[in-house]
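Residue strings, one per chain:
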Amino acid sequence: MKKLILVISLSFLLVSCGTSFQSFYNNHKADMGTTSFQVPNFMKAVLSNISPEVKNGIGNISDFKYIKFENVDALKRQSLIAEMSAVTNGGFTDVFRKNELDNTRIISVIELGSVVTDAIIFNSTETEITAYYLQGNFDPEKIKSFTDEDTFNTFSTDLLQSYNTNLNPSFNPKN
């Protein structure tokens, strides 16, 4: 009976969340233990200043969203994986999907000819989940390289460092 209620609850959650990355992002950006950011149109110049290593790794970015969940329990983790699966089932093609008890990795794309125009890179460990949404023009081989855990982790670190360095907001006018 409890499993049935859980399945019904997850099904309702998936339907109520919508099936876009933007819906996923909006529904979770205020969750406790979550770090998130998106780059609005007026800040697109920030993306042009991303480090050469990151830019070479992915290409031209026109839209960028990031969300990270820390200290997730097993139920929350399963729920987020199910939601992301619903998002990637909505017109995306899985380039890579790894489903294990302690690690789920999904790389899904939308292609236009031989160019990737949209990419979702999702990584889930037992306690942490990270998801990126990228829109632009990307080399499919570069996107596929994120299947390697070290490549994914290096990309994440470089991208966040570059973004934080270029943004660095301050409410103190002397800084």
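My aim in this report is to walk through the structure given alongside it, one point at a time. Every value quoted in this text rests on a predicted model; they were computed, and no experiment measured them.

1. Things to note about the packing of aromatic side chains
When we look at a pair of aromatic rings, we describe it by the centre distance and by the angle of the planes. Going through the model one piece at a time under the given rule, you end up with seven aromatic pairs. Between the aromatic rings of Phe21 and Phe24, the centroid separation amounts to 5.8 Å while the plane-to-plane angle is 45 degrees, which identifies the pairing as tilted. On the criterion of helical spacing, the pair formed by Phe21 and Phe24 is a turn pair, its members being three residues apart in helix H2 (residues 21-28). Residues Phe21 and Phe24 agree in their burial class; the two are buried. On the numbers, 6.1 Å between centres and 70 degrees between planes, the contact of Phe24 with Phe69 is edge-to-face. Of this pair, Phe24 sits in helix H2 while Phe69 is found in strand S2 (residues 60-70), placing the two residues 45 residues apart along the sequence. The same class applies to Phe24 as to Phe69, namely buried. Three or more aromatic residues link up through ring pairs in this structure, and these residues are Phe21, Phe24, Phe69 and Tyr133.

2. Side note on the packing of H2 against helix H5 (residues 74-88)
Direction vectors running N to C along H2 and H5 enclose 155 degrees, while the axes themselves pass 9 Å from each other. The angle between the axes of H2 and H5 places the two elements in the roughly antiparallel class. Note on element contacts: H5 touches H2 through Lys76, Leu80, Glu83, Met84 and Val87, opposite Phe21, Phe24 and His28. Across the contact of H2 with H5, the residue classes break down as five nonpolar, one polar and two charged.

3. Points about the nonpolar core
By size, the foremost hydrophobic cluster in this structure holds 19 residues, and its most contacted members are Phe64, Ile121, Tyr132, Leu134 and Ile143. Looking at this core, the elements with two or more residues in it are S2, strand S4 (103-112), strand S5 (115-125), strand S6 (128-138) and helix H7 (149-167). If you tally residues by element for this core, the top one is H7, at four residues. One finds Tyr25, Leu80, Ile129 and Tyr133 within the second-largest nonpolar core, a separate group that totals 17 residues.

4. Comments concerning the sheet that holds S2
Each strand in a sheet pairs with its neighbour through backbone hydrogen bonds, running either in the same direction (parallel) or in the opposite one (antiparallel). Here six strands make up an open sheet; going across it, the order is S1-S2-S6-S5-S4-S3 and the pairing antiparallel. Strands at the two margins of the open sheet, each flanked by one partner only, are strand S1 (34-38) and strand S3 (93-99). This sheet shows a mean twist of 5 degrees between the axes of neighbouring strands, independent of strand direction. The pairing of S2 with S6 spans 10 bridges and is antiparallel. Looking at S6, one finds that Ile61 is bridged to Gly136. Of the strands in this sheet, S1, S2, S5 and S6 touch H2, which is tilted by about 40 degrees from S2. Relative to S5, H5 is tilted by about 165 degrees, and along the sheet it contacts S2, S3, S4, S5 and S6.

5. Some remarks on the side chain of Ser124
The residue Ser124 is located in strand S5 in this model. A polar atom in the side chain of Ser124 sits 2.8 Å from the side chain of Arg77. In this view, Ser124 contacts Arg77, Ile81, Asp102, Asn103, Thr104 and Ile129; residues no more than four positions away in its chain are not counted.

Each value, and the rule that gives it
- Residues numbered from 1 in each chain as written.
- Predicted model: local features only at pLDDT ≥ 70, side-chain atom pairs only at ≥ 80, totals over all residues.
- Heavy atoms only, no water.
- Phe/Tyr/Trp six-rings, centres within 6.5 Å; stacked < 30°, edge-to-face > 60°.
- Helix = DSSP H or I, 4+ residues; strand = E, 2+ residues; numbered from the N terminus.
- Buried < 20%, exposed > 50% of the residue type's maximum accessible area, 1.4 Å probe, protein only.
- Axes fitted to C-alpha atoms, helices over the stretch in contact; angles between N-to-C directions.
- Parallel < 35°, antiparallel > 145°, perpendicular 65-115°, else oblique.
- Contact = heavy atoms within 4.5 Å.
- Nonpolar A, V, L, I, M, F, W, Y, C, P; charged D, E, K, R; others polar.
- Core = buried A, V, L, I, M, F, W, Y, C linked by side-chain atoms within 4.5 Å.
- Pairing = 2+ DSSP bridges.
- Polar contact = N/O pair within 3.5 Å; in protein donor to acceptor, adjacent residues only side chain to side chain.

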